[in-house]
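# Results of the structural survey
Single-letter residue listing:
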Amino acid sequence: MGKGGGCFPSKNKIVKTTNKYANSATKPTSATDTTVLSPTKNLKVFIVFYSMYGHVESLAKRMKKGVDTVDGVEGVLYRVPETLSEDVLVQMQAPPKDDTILELPSPLELADADGFLFGFPTRYGCMAAQMKAFFDSTGLLWKEQKLAGKPAGFFVSTGSQGGGQETTAWTAITQLAHHGMLFVPIGYKFGADMFDMDSIRGGSPYGAGVFAGDGSRKATETELALAEYQGKYMGAVVKKLVHG
């Protein structure tokens, strides 16, 4: 998957291609193709995450709330598969997962989304192995560039203030680049709370975040509000990209 998909042929001349991964979406469409987006169909932002102790999950739930405030856009929560055995999770004192949030049935389901918010805890400044394993399973989507042009953002949790709130997002951008996706950071759109120095707060211009500490610290209302804002912001971006 490290190799690129090559170049697309010019529209002004016929070029024979042997690229077996050529995206069918680049083929000329029929003049009679009148497919239009149903005005009653909600756009979907998939909020796909991994959370061991519940910190990322708390951000994900508030993100859905934010997405759902945008008219015509719906947030859909999914968790990625766990790669650790139940015995290991018990030894790590991981709490039970919320069974009301479904596990994504297949990576191929991602093709049905109009945008994404991916959440994960950090492991040495990068995404957790469970999330990396999930991205590694999206090879068929990459092969046909099914996600190209779709917007995506990140949200994270770290154990400390210097634990990777920004580097975890930086290193995850490579996943989007190979899929041809559009990285959507939140910048400083959240406003004055982005500059507050009176309290500890996770999150950065790259996306919402929470400091988990030893696992006992819960997300603050400011951290949750930033997550909700990111959901609302992504919902608006998706709507604008689709409808103009």
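Please refer to the structure placed before this passage.
It should be emphasised that the depicted structure is a prediction, and the values quoted were computed from it without experimental measurement.

Reading guide: rules and limits
Residues numbered from 1 in each chain as written. Predicted model: local features only at pLDDT ≥ 70, side-chain atom pairs only at ≥ 80, totals over all residues. Heavy atoms only, no water. Helix = DSSP H or I, 4+ residues; strand = E, 2+ residues; numbered from the N terminus. Buried < 20%, exposed > 50% of the residue type's maximum accessible area, 1.4 Å probe, protein only. Contact = heavy atoms within 4.5 Å. Areas by Shrake-Rupley, 256 points an atom, 1.4 Å probe, with all protein chains shown as cover. Polar contact = N/O pair within 3.5 Å; in protein donor to acceptor, adjacent residues only side chain to side chain. Pairing = 2+ DSSP bridges. Right-handed = clockwise from strand over helix to strand, strands pointing away.

## Side note on the overall build of the protein chain
Counting its secondary structure elements, the protein chain contains 6 helices and 7 strands. Reading the protein chain from its N end, one meets helices and strands in the order β-α-β-α-β-β-α-α-β-α-β-β-α. Residues counted as buried form 41% of the 244 residues belonging to the protein chain. Sequence-distant contacts, at least 24 apart, represent 76% of the contacts inside the protein chain between residues at least 6 apart. With the model as given, the accessible surface of the protein chain reaches about 13,500 Å², and the carbon-plus-sulfur share is 56%.

## Quick notes on the side chain of R201
Position of R201 among the secondary structure elements: in the loop between β6 (182-183) and β7 (209-211). Owing to a relative accessible area of 16%, R201 belongs among the buried residues under this scheme. For R201, the side chain forms a polar contact with the main-chain oxygen of M194, separated by 3.0 Å. In contact with R201, not counting residues within four places along its chain, are D193, M194, F211, T222, E223 and L226.

## Considerations on the environment of S157
By the element assignment, S157 lies in strand β5 (residues 151-158). Sequence spacing of S157 and T168 is 11 residues, and the spatial spacing of their C-alpha atoms is 9.1 Å. Setting aside residues no more than four positions away along its own chain, S157 makes contact with H55, V56, F120, P121, T122, Q165 and V210.

## A word on the pairing of β5
The buried count for β5 comes to 8 of 8 residues, which makes it a mostly enclosed element. Relative to β5, strand β3 (residues 115-123) runs parallel, the two sharing 6 bridges. The partner of F120 across the bridge, within β5, is V156. For the crossover from β5 across helix α5 (residues 167-179) to β6, the handedness is right-handed. Both β5 and β7 contribute to a ladder of 3 bridges, which runs parallel. Looking at the pairing, S157 lines up with V210 of β7.

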